[in-house]
Amino acid sequence: MRTFVVSPKLTAYGAVLLALNLVAMAWRVSGQQVKRSSVSDAPRIRATVPAGAAAVAARQRFLEMFARAYFPGRTGQLLVVPREGDFITRPDPDVAYMHGSPWKYDVSIPLMFAGSAVKTGLASMPTLTALRQRSAWFTQAEVNFLPTNTPVGHSTISTGTDPGVHGITGVSVYDRTHHRGHPLFAERMPQDLMTLTLADIWQLETAGRAVILAQGSIERAATPLAGHGACQLNGTPVVLASYDRQTGAWATNPDCFLLPAYLKDRNARTLWQTSADWMGHRIDSPSAVRYSALFPAFEADALIAMIEHEPVGEDDVTDLILLNYKCADFVGHKYGPDSDELRATLGEMDRHLARMLSALEAKVGANYLLAVTADHGMPSKPLSPDRRHFAPAIIDLLNEKFDPEAKQLITSFEPEDLQIFVDEDRLKYLGLTLRDLAHFLESQPFLFAVFTNDDVRRAAHAAKRVTPTRGRSKYK
Ligand SMILES: [Zn+2]
């Protein structure tokens, strides 16, 4: 798993660590821009499934990836992997593209550390390209758990643990007690996150003296970056600025976190005052504007305001700034990773990244460590339209087959979670097992593998669990 490395020198001199999260397609697209000509340059998607021994090995690897994210009471009953090049989404034009799978296009997440303390190792986004020249740049970094989505990825990045430890197993889990979906980090509540985060440890270790700023444009990314704030024992309310797509303003959860006064009057509605269209698309609502290259300016402006207003780098305590730089994910979901829309968005993100770094350097000089990584990637346009699948149709398929009268067998299926929740009482009443359902699903040509909760639990127990706090923290 990723770990954040801060050298003793940096800590002693009170520099700033800035962690940015982007989605991985940022680099892939930028790397292609020089020679790209058509969609055929897009990342290779094999037209066929791996055969024979390769398929067996892949299946086992994917089972182990699910096992790393196994959490009692949360993991779904059926865990599905779409065939490579197929993906499952919901019938919503904002998410015409959907990640979540273990295939290369979803798991490759380059990782970069830049700063005066970094020894260099190893596009066309000039800021990122320039950073790459002076960074430790890990091109082979991959997500090694499933599903590959925002809350799971951000919780793993911010805690350094597997989802099986931190407990964030998807965008949403099914609440069997209240018979409803339970979105993780709803209302920016960190309580479902079962492990301390980097920000949590940071504020405890510095007795609340470090400046800790977290910002994100969706609550399930912003909240895990902020950690538990004042909602942990002896915790302090760190800054959490989380975009509210209903109001267009920055919001927080005041029980655990703080929203600075100078952010309260900012509103994304200012972004479409000159035009309600962007590249031929309507963007005149706080929700729609996120799917445009206008949005990164709004994200960057807020972070710059925080850097300028807060006492960042002003004492000998190292401060921590965490940013979910989200727009590439929104635009990627709607228009795809190979679209002109995403290319325009990445250009804007790069331009505003330069502004954020300038603001930081104006405040603290060169004495900072920057870590940049991603939570997941995004599949390209399917080779044929019938390789895009919809979760409600899969729920209908299962209910039609196994529970045609009541249609109550399947309780929930969020496509980016790759987990189908089954009413196990109903299953028993119908005289069925999860294996029956898994067999049926595996016979569908668009699915590569289907595991049951039992398969994953057994694999989780068989695997040697890596516990991140092994003996080194006093907060065990
Ligand atoms: Zn996403």
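Here the structure is a predicted model, which means the values were calculated and not measured. (Residues numbered from 1 in each chain as written. Predicted model: local features only at pLDDT ≥ 70, side-chain atom pairs only at ≥ 80, totals over all residues.)

## So, the overall build of the protein
The number of helices and strands found in the protein is 16 helices and 18 strands. Every one of the 476 residues in the protein was classed for burial, and the buried ones make up 50%. (Helix = DSSP H or I, 4+ residues; strand = E, 2+ residues; numbered from the N terminus. Buried ≥ 20, exposed ≤ 12 C-beta atoms within 10 Å, placed from the backbone.)

## Focus: the pairing of strand E8 (residues 212-216)
Burial runs high along E8: five of the five residues are buried. Side-chain alternation along E8 places Ile212, Ala214 and Gly216 on one buried face and Leu213 and Gln215 on a second face that is also buried. As paired elements, E8 and strand E13 (residues 319-324) share four bridges and run parallel to each other. From the neighbouring strand, Gln215 faces E13, where its bridge partner is Leu323. When E8 meets strand E9 (residues 239-243), the two strands line up parallel, connected through four bridges. If you follow Leu213 over to E9, its bridge partner there is Val239. Crossover connection from E8 via helix H9 (residues 219-226) to parallel E9: handedness right-handed. (Pairing = 2+ DSSP bridges. Right-handed = clockwise from strand over helix to strand, strands pointing away.)

## Considerations on the sheet that holds strand E17 (residues 419-422)
Ordered in space as E16-E17-E2-E18, the four strands form an open sheet in which the pairing is antiparallel. Single-partner strands in this sheet number two, and they are strand E16 (410-414) and strand E18 (447-452). The sheet shows a mean angle of 20° between the axes of neighbouring strands, taken without regard to direction. Here strand E2 (residues 78-82) pairs with E17 via two bridges, running antiparallel. In the sheet register, Leu78 faces E17, and the bridge partner there is Ile420. This element, helix H15 (residues 434-442), spans E2, E17 and E18 of the sheet and lies at about 175° to E18. (Axes fitted to C-alpha atoms, helices over the stretch in contact; angles between N-to-C directions. Contact = placed C-beta atoms within 7 Å.)

## What to know about the packing of helix H3 (residues 52-67) against helix H16 (residues 453-462)
In the contact formed by H3 and H16, the axes pass within 8 Å of each other and the chain directions differ by 80°. By the angle class used here, H3 and H16 are roughly perpendicular. Of the residues in H16, those in contact with Leu63, Glu64, Phe66 and Ala67 of H3 are Asp455, Val456, Ala459 and Ala460. Its residues placed into classes, the contact of H3 with H16 shows six nonpolar, no polar and two charged. (Parallel < 35°, antiparallel > 145°, perpendicular 65-115°, else oblique. Nonpolar A, V, L, I, M, F, W, Y, C, P; charged D, E, K, R; others polar.)

## Comments concerning unusual backbone geometry
In this chain, Leu146 is followed by Pro147 through a cis amide linkage whose omega measures 0°. For Pro147, the position within the fold is in the loop between strand E5 (135-138) and helix H6 (150-159). One non-glycine residue, Arg188, lies in positive phi territory at about 60°. Mapped onto the elements, Arg188 comes out in the loop between strand E7 (180-183) and helix H8 (198-205).

## Points about the nonpolar core
Core analysis: the biggest nonpolar cluster contains 69 residues, and Ala199, Ile212, Ala214 and Val239 have the highest contact counts within it. In terms of residues, this core owes the most to one element, helix H10 (residues 295-309), which gives seven residues. In this structure Ala214 touches Ala199, Ala222, Leu225, Ala226, Val238, Val239, Leu240 and Leu322, once residues within four positions along its chain are discounted. Judged by nonpolar contacts, the second largest core, of 51 residues, contains Val173, Tyr174, Leu409 and Val450. (Core = buried A, V, L, I, M, F, W, Y, C linked by C-beta atoms within 7 Å.)

## Considering the packing of H6 against H9
Axis separation between H6 and H9 bottoms out at 8 Å; the angle between their running directions is 15°. In terms of their interaxial angle, H6 and H9 are classed as roughly parallel. Like other packed secondary-structure pairs, H6 and H9 cross with a definite hand, here right-handed. Between H6 and H9, the contacting residues are Thr150, Pro151, His154, Ser155 and Ser158 on the first element and Arg220, Ala221, Pro224 and Leu225 on the second. Grouping the constituent residues of the contact of H6 with H9 by class yields four nonpolar, four polar and one charged. (Left-handed = near helix turned anticlockwise from the far one by under 90°.)

## As for helix H5 (residues 126-133)
Among all positions of H5, only Leu128, Leu131 and Arg132 are buried. End-on view of H5: buried residues confined to an arc of 105°, all on one side of the axis. (Arc of directions from axis to C-beta.)

## Comments concerning the confidence of the model for the protein
Looking at the protein, the pLDDT average stands at 88 and 85% of residues meet or exceed 70. For the stretch residues 25-44, pLDDT sits under 50, and the model shows 34 contacts to residues farther than four places along the chain or on other chains. (pLDDT = per-residue confidence, 0-100.)

## A word on H10
Here H10 contains 15 residues, and its C-alpha end-to-end distance of 22 Å stays within 8% of the 21 Å for a straight helix at 1.5 Å per residue. Within the sequence span of H10, burial applies to Phe295, Pro296, Phe298, Glu299, Ala300, Ala302, Leu303, Met306 and Ile307. Here the buried face of H10 lies against E8, E9, strand E10 (250-251), E13, helix H11 (327-335) and helix H12 (340-364). (Expected span 1.5 Å × (residues − 1).)

## Focus on the environment of Phe185
In this fold, Phe185 is placed in the loop between E7 and H8. Each C-alpha atom of the pair Phe185 and Ala222 lies 9.0 Å from the other, and the pair is 37 residues apart in sequence. When neighbours within four sequence positions are excluded, Phe185 is seen to be in contact with Pro151, Glu219, Arg220, Thr223 and Pro224.

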